[in-house]
Amino acid sequence: MAHFIQSLLNGLSIGSVYAIFALGYTLVFSILGIINFAHGAIFTIGAYFTYVLTGAAFGFNGVLANRSLPFGLTLVIAMIVGSLLAGFLSVIIERLAFRPLRRRGADRLLSLVSSLGVAIVAVNLIQYLVGAEIYTYKGKITGNLPSAVNFGSENTPIPIRTVQIVIFGVSCLILVLLTFMINYTKIGKALRAVSEDATTASLLGINTDRLIMFTFFLSGFLGGMAGTLVGSSVSIAGPYFGIAFGLKGLAVIVLGGLGDIPGAVVGGLVLGLAEAFVPSDYSAYKDAVAFGLLFVVLLLRPQGILGRVQVQKV
Amino acid sequence: MSAPDTASTPTTSPIRQQSGPDNAAHVLLDLRNVTVNYGGIQALREINLTVRAGEIVTLIGANGAGKSTTLRTISRLINARSGQIFYDGRDIGSVRPDEVVRRGIAQCPEGRRVLTRFSVLDNLEMGAYVRSDRAEIRADIERQFTLFPILGERRNQQAGTLSGGEQQMLAIARAVMSRPRLLLLDEPSLGLAPLIVRNIFAVIRELHEQGVTILLVEQNAHLALQYADRGYVLEAGHVTIEGAAAELADDERVRQAYLG
């Protein structure tokens, strides 16, 4: 029982990070109908942005070895600023890799390749600049809180790392704010209008280019925040940090139903829980569980858990 | 590209000297030698078309003659290959589609295109996207509900669940919500029962009486010429006949081809 509760809470924690990360894919997909393959790179870069903003120095391996900013922000502020920077970077990527193709009416498959290209260049650039070492954040997101909280009794302790609880809280907060924004604010409604019918949206006076920029900003912010949260929980495992996470994010949005916002949340939680319940003796096979689950869901429900069956419009 | 604001500069539309907007002779929309290539074919060839403030002008013609393409070009959804589009004396040939709406041209597109996952109320609210006068928007929504009582009854219903006629009413009401000076209507009668069509055209006339200038695309030439002041006949992307609506209705060529 204790083990069950522990797995449940850990699963919810990592699942909520999967959810906010996957929402970055979902937002872009719902507007443009494309998968932004640079999203995994944004995850990595967000984590590095946060690292450098805390004033920590890079290691010995890259061009920037032993360099650091002349100031250091506390980790929480660095996380917010780092995620915002990831958002701006995402807007730049949209300009470079997506907009030119869209202007020429290129096939959507091409933006997939151009975003993959951006991702690979970005990852290699990181390796060139800061090397392939593992970085751990200076300071803790949990501040002076004890490093674990006991959810059980004294006899049967169920310790959960405080950082997991904080991550879960932050992710839930972001999900609530995002849901509110999309459903009730003017820009959120515009976003949904463009996602349903971009041509009609522009006939209503919505500047679709600006809305696409805003969407990429949000997407980048979510991706960067996810990277930062995972980085604060474990550490930044090098430039390829986000690649595996990027693939899992894809699994999450397919699980939940492509382009479906609640679906991305459900998909993230399902994946997080599935992983958490893999016995620790087999933890090396977590990814096999994740993608095996994806495989099974696709066989049973090709439209995803919450996805609607796509009706072809005539 | 953009012409200065002042009415007396030579860059303004030369068709007619600009006077006050309430003067019936004031040219609101002026297409000059507009050519559009679309999907590899020449969809419009050297179109010349004017709409004066206060008019209802109709564009009739067979399927694929270029009627919708003309409206899409005016709304800047597609680029003209050559030629100029003046609205209220200013060249709008290179502005963004949302800017066209901001300047006062609303389009009610073919096939209605309501936002199916939005409620009736939210659709109307989105129609006022370019405005920020909240209280006035509220009042305008209520006005739409007076004009189309059925929409008021269904204000909280998802637009996708409305009937075709109701969706058409919603699409028109939504276009009006931006408070346009010029309303582009694309096939408002398409696929609707005669009774509903009459209802919708009565509202179009009412909007016109409230001061909205209308450019109406219709396949139902008989109906369109009944309501319009002037008309243009499009054939294969070319204006072949133009004139007062009554004249067109009597024109032998028009009668044979479109009025049967």
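Everything below is about the structure printed above this text.
Now for a look at the structure at hand. What you see is a predicted model, and the numbers here were worked out from it, not measured in a lab.

Here we look at unusual backbone geometry
All names here are of chain B.
- We note that Glu 46 has phi near 50°; this positive angle belongs to a residue other than glycine.
- Its location among the elements puts Glu 46 in strand β2 (residues 41–52).
- Look at Arg 112: it is not a glycine, yet its phi comes out positive at around 70°.
- Residue placement: Arg 112 occurs in the loop between β6 (105–108) and α3 (120–127).

Some details on the packing of α3 of chain B against helix α4 (residues 134–147) of chain B
All names here are of chain B.
- Following both chains from N to C, one finds α3 and α4 inclined at 125°, their axes separated by 10 Å at the closest point. Classified by the angle between their axes, α3 and α4 sit oblique to one another. For the pair α3 and α4, the sense of crossing is right-handed. Here α3 contributes Val 120, Leu 121, Leu 124 and Glu 125 to the contact with α4, which in turn contributes Arg 138, Ile 141, Gln 144 and Phe 145.
- Looking at the contact of α3 with α4, its residues break down into 5 nonpolar, 1 polar and 2 charged.

A closer look at the packing of aromatic side chains
- This structure, assessed with the given rule, holds 16 aromatic pairs over all chains.
- With 5.0 Å between their ring centres and 40° between their planes, Phe 43 of chain A and Phe 241 of chain A make a pair best called tilted. Of this pair, Phe 43 of chain A sits in helix α2 (residues 39–53) while Phe 241 of chain A sits in helix α9 (residues 241–256), placing them 198 residues apart in sequence.
- A relative accessible area of 0% means that Phe 43 of chain A is categorised as buried.
- Its guanidinium or amino end placed over the ring of Phe 118 of chain B, Arg 192 of chain A lies 4.6 Å from that ring's centre, counting from NZ or CZ.

A closer look at the sheet that holds strand β1 (residues 27–38) of chain B
All names here are of chain B.
- Judged by pairing direction, the sheet is antiparallel, and its 4 strands sit side by side in the order β2-β1-β4-β5 without closing on themselves. Bordering the open sheet on either side are β2 and β5 (90–91), each of which pairs with just one other strand.
- Taken strand by strand, helix α1 (residues 67–74) contacts β1, β2 and β4 (82–87), and its axis lies near 115° from that of β1.

Conventions we followed
- Residues numbered from 1 in each chain as written.
- Chains lettered and ligands numbered in written order.
- Predicted model: local features only at pLDDT ≥ 70, side-chain atom pairs only at ≥ 80, totals over all residues.
- Heavy atoms only, no water.
- Helix = DSSP H or I, 4+ residues; strand = E, 2+ residues; numbered from the N terminus.
- Axes fitted to C-alpha atoms, helices over the stretch in contact; angles between N-to-C directions.
- Parallel < 35°, antiparallel > 145°, perpendicular 65-115°, else oblique.
- Left-handed = near helix turned anticlockwise from the far one by under 90°.
- Contact = heavy atoms within 4.5 Å.
- Nonpolar A, V, L, I, M, F, W, Y, C, P; charged D, E, K, R; others polar.
- Phe/Tyr/Trp six-rings, centres within 6.5 Å; stacked < 30°, edge-to-face > 60°.
- Buried < 20%, exposed > 50% of the residue type's maximum accessible area, 1.4 Å probe, protein only.
- Lys NZ or Arg CZ within 6 Å of the ring centre and 35° of its normal.
- Pairing = 2+ DSSP bridges.

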